[in-house]
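Report on the structure
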Amino acid sequence: MPEGRKVRIRIRTVNCTYVGDFLVPPMRNRVSDAINEEVRLFISLTDVVIDDKERSDFVAINKNLIESVAQV
């Protein structure tokens, strides 16, 4: 099991909305700290619901497509 804490977030992109679990690494305190790391090009979510319809075990979202992020 990876260290850190899981946080449920909603990511809105130009095409749709994703709600999933995001792993915040132990050296980061906030979701925004982890998402804004320069080396991170994609945001990985697990146990994802896409547009309140479709389910997926894993989704990687390109940061350049993100319009908003909210903790749920």
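Described below are features of the structure shown in this document. Note that this is a predicted model, so its numbers are computed, not measured. (Residues numbered from 1 in each chain as written. Predicted model: local features only at pLDDT ≥ 70, side-chain atom pairs only at ≥ 80, totals over all residues. Heavy atoms only, no water.)

**Section: the overall build of the protein**
Across its full length, the protein holds one helix and five strands. Going from the N terminus to the C terminus, the protein shows its helices and strands as β-β-α-β-β-β. Since a compact globule built from 72 residues should have a radius of gyration of about 11 Å, the 12 Å found for the protein is in line with a globular shape. Dimensions of the protein, computed from C-alpha atoms along their principal axes, come out at roughly 35 × 25 × 20 Å. Across the 72 residues in the protein, those meeting the buried criterion constitute 33%. Taking as baseline every contact in the protein between residues at least 6 positions apart, the subset at least 24 positions apart corresponds to 44%. (Helix = DSSP H or I, 4+ residues; strand = E, 2+ residues; numbered from the N terminus. Rg over C-alpha atoms; globule rule 2.2 N^0.38 Å. Buried < 20%, exposed > 50% of the residue type's maximum accessible area, 1.4 Å probe, protein only. Contact = heavy atoms within 4.5 Å.)

**Section: the side chain of Arg40**
With respect to the secondary-structure elements, Arg40 resides in the loop between helix H1 (31–35) and strand S3 (42–50). Reaching out from Arg40, the side chain makes a polar contact with the backbone oxygen of Ala34 at a distance of 2.9 Å. Ignoring any residue separated from it by four or fewer positions in sequence, one finds Arg40 in contact with Phe22, Pro25, Ala34, Ile35 and Lys63. (Polar contact = N/O pair within 3.5 Å; in protein donor to acceptor, adjacent residues only side chain to side chain.)

**Some details on unusual backbone geometry**
Outside of glycine, negative phi angles account for most residues, and trans bonds account for most peptide bonds. A positive phi angle, near 50 degrees, is found at Asp47, a position not held by glycine. Within the secondary structure layout, Asp47 lies in strand S3. The phi angle at Asp51 is positive, at roughly 55 degrees, despite the residue not being glycine. Residue placement: Asp51 occurs in the loop between S3 and strand S4 (54–62). Since its relative accessible area comes to 32%, Asp51 is described here as partly exposed.

**Looking at the sheet that holds strand S5 (residues 66–71)**
Read from one edge to the other, the open sheet built from five strands follows the order S4-S3-S2-S1-S5, with strand pairing classed as antiparallel. Both edges of this open sheet fall to S4 and S5, since each of them pairs with a single strand only. Averaged over neighbouring strand pairs, the angle between their axes works out to 35 degrees when direction is ignored. Sheet analysis places strand S1 (residues 5–13) next to strand S2 (residues 17–24), joined by eight bridges and oriented antiparallel. The partner of Lys6 across the bridge, within S2, is Leu23. (Pairing = 2+ DSSP bridges. Axes fitted to C-alpha atoms, helices over the stretch in contact; angles between N-to-C directions.)

By themselves, these observations are geometric and do not establish any function.
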